[in-house]
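What the coordinates show
Listed here are the chains, written in short residue letters.
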Amino acid sequence: MKIQREFPAFTVSKKGEREIKSGHPWVYDNVITDQPSECENGCIADVFSQAGKYLGSGFYSEKSKIRIRLLSNNANETFSDSFFARRVQYAIDYRKTVMGDDFSACRLIFGESDGLCGLTVDKYGDILVSQVLSFGIDRKKDVIYKALCESLAKDGITVRGIMERNDVAIRELEGLEQYKGWYEADYLPKPPSPVTEITENGIVYTVDVQNGQKTGFFLDQKYNRLAVAKIARGKKVLDCFTHTGSFALNAAKGGAAHVTAVDVSQFAVDTARENAVKNGLDGNMDFVCADVFELLPELAQKGADYDFIILDPPAFTKNRKTVGSAQRGYKEINYRAMKLLHRGGYLATCSCSHFMDNELFVKMLMSAAADAGVSLKMIEARRQSCDHPIMLSVPETDYLKFYLFQIV
């Protein structure tokens, strides 16, 4: 017999029950076998098995294929404001523990990994950048934002502004509009400039939280950049898809003989150059605005010689339907890089697409190496930084693959 709860009750199939028990928080519409005739969009809903066993509770979304995003499997939970404040505090405590003093720029909330499905919050000094991708979280964002500010205040951090980067198409699947801009609240001061500075790995960057890619900066490669810096000393380095220059600057700071930073965006190239000047690293760097797919074969024709090539492309696929074409794109740039490097040279290569999983990525690398007539000696296999924690029960949280190889 079902326990009596105050929230709307949904029943799922055996398949849905297995998925929930495996630890995945998403309940898709096609596993729901029974639901109320009316249910308020964004409300808390309970989920039960066919046998009436309580499985968990979460946000209901009437338009999304992910019909319920589970928050807790505690039947006694009431989901008051204090529940969301606790989740926020847990997330911040985790970052302080695993990152120690390296806490100034990091991801504070990583959606499912922090029990707040559909929410991303990045911290750039005293500015927060938020992205809300679920209807339920959107209804609770006022509570969550205030909890973030109050929790950070305990550590002496006064939040100057919260930039909402809700300018992503996926929000429309939830029935939410797209927009970006400063969040307004009586506990926040007058919004600051959207252009700020952060320091990561001892390097200062200009970050535009309103107009930069994603939330303004790619924080997930933080420690992978240090791995690149260790290898770069004395080498001639080519950094492809440099964005605002993060891998290139780490290589230069690590003692590279020379670094060429390449991106198809002139704005990104200009920002990377400004960051190099800001850090006094521009003396052994040059910056090129070019399409990497066109540049790599051109460099090979010219007989260019590099000791170390870094490939950090954007996600070539954001769904399963385009994985095949993405795999061909990844293979093309990796093959070209392997051909351009001399024997004994080094390659850093990665993918930030969840759908290009690790098995497919490695298979692609082996195929590219075979076509290039080289072998790959693996130095390291890495993932995203620890402020983007992976939940083993939620494959979607495991998205970044990063490999360091020597060409032999």
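Above this note sits the structure.
Residues numbered from 1 in each chain as written. Predicted model: local features only at pLDDT ≥ 70, side-chain atom pairs only at ≥ 80, totals over all residues. Heavy atoms only, no water.

Interhelical geometry of helix H4 (residues 222-232) versus helix H5 (residues 246-253) gives an angle of 40 degrees and a closest axis separation of 7 Å. Viewed along their axes, H4 and H5 adopt a mutual orientation that is oblique. In this structure, the crossing between H4 and H5 has a hand that is right-handed. In contact with Asn-224, Arg-225, Leu-226, Val-228, Ala-229 and Ala-232 of H4, H5 contributes Ser-246, Phe-247, Asn-250 and Ala-251. (Axes fitted to C-alpha atoms, helices over the stretch in contact; angles between N-to-C directions. Helix = DSSP H or I, 4+ residues; strand = E, 2+ residues; numbered from the N terminus. Parallel < 35°, antiparallel > 145°, perpendicular 65-115°, else oblique. Left-handed = near helix turned anticlockwise from the far one by under 90°. Contact = heavy atoms within 4.5 Å.)

A side chain with one charge can pair with a side chain of the opposite charge if their charged atoms come near. What the rule picks out here adds up to 22 salt bridges. The partner of Lys-96 in a salt bridge is Asp-155, with the nearest N and O atoms 3.0 Å apart. Residue Lys-96 is found in helix H2 (residues 81-99), and its partner Asp-155 is found in the loop between helix H3 (135-153) and strand S10 (161-166); the two are separated by 59 residues along the sequence. Of the residues examined, Asp-155 reaches a relative accessible area of 36% and is grouped as partly exposed. Among the salt bridges present, the one from Arg-165 reaches Asp-167, with a minimum N-O distance of 3.3 Å. (Salt bridge = Lys/Arg side-chain N within 4 Å of Asp/Glu carboxyl O. Buried < 20%, exposed > 50% of the residue type's maximum accessible area, 1.4 Å probe, protein only.)

Moving on: the packing of aromatic side chains. Under the counting rule described, the total for this entry stands at 17 aromatic pairs. On the numbers, 4.7 Å between centres and 80 degrees between planes, the contact of Tyr-145 with Tyr-183 is edge-to-face. Within this pair, whereas Tyr-145 is found in helix H3, its partner Tyr-183 is found in the loop between strand S11 (179-182) and strand S12 (195-200), the two being separated by 38 residues in sequence. Comparing Tyr-145 with Tyr-183 shows no difference in burial state: the two are buried. Here the aromatic rings of Phe-293 and Phe-316 are separated by 5.9 Å at their centres, their planes lie at 45 degrees, and the arrangement is tilted. With Phe-293 in helix H7 (residues 292-302) and Phe-316 in the loop between strand S17 (306-311) and helix H8 (323-340), this pair connects stretches of sequence that are 23 residues apart. On the basis of relative accessibility, which here comes to 31%, the residue Phe-293 falls in the partly exposed class. Under the relative-accessibility criterion, Phe-316 is labelled partly exposed at 24%. For Lys-123, the ring lying beneath its charged end belongs to Phe-103, and the centroid distance is 5.1 Å. Over the ring of Tyr-306 we find Lys-236, and its NZ or CZ is 5.0 Å from the ring centre. (Phe/Tyr/Trp six-rings, centres within 6.5 Å; stacked < 30°, edge-to-face > 60°. Lys NZ or Arg CZ within 6 Å of the ring centre and 35° of its normal.)

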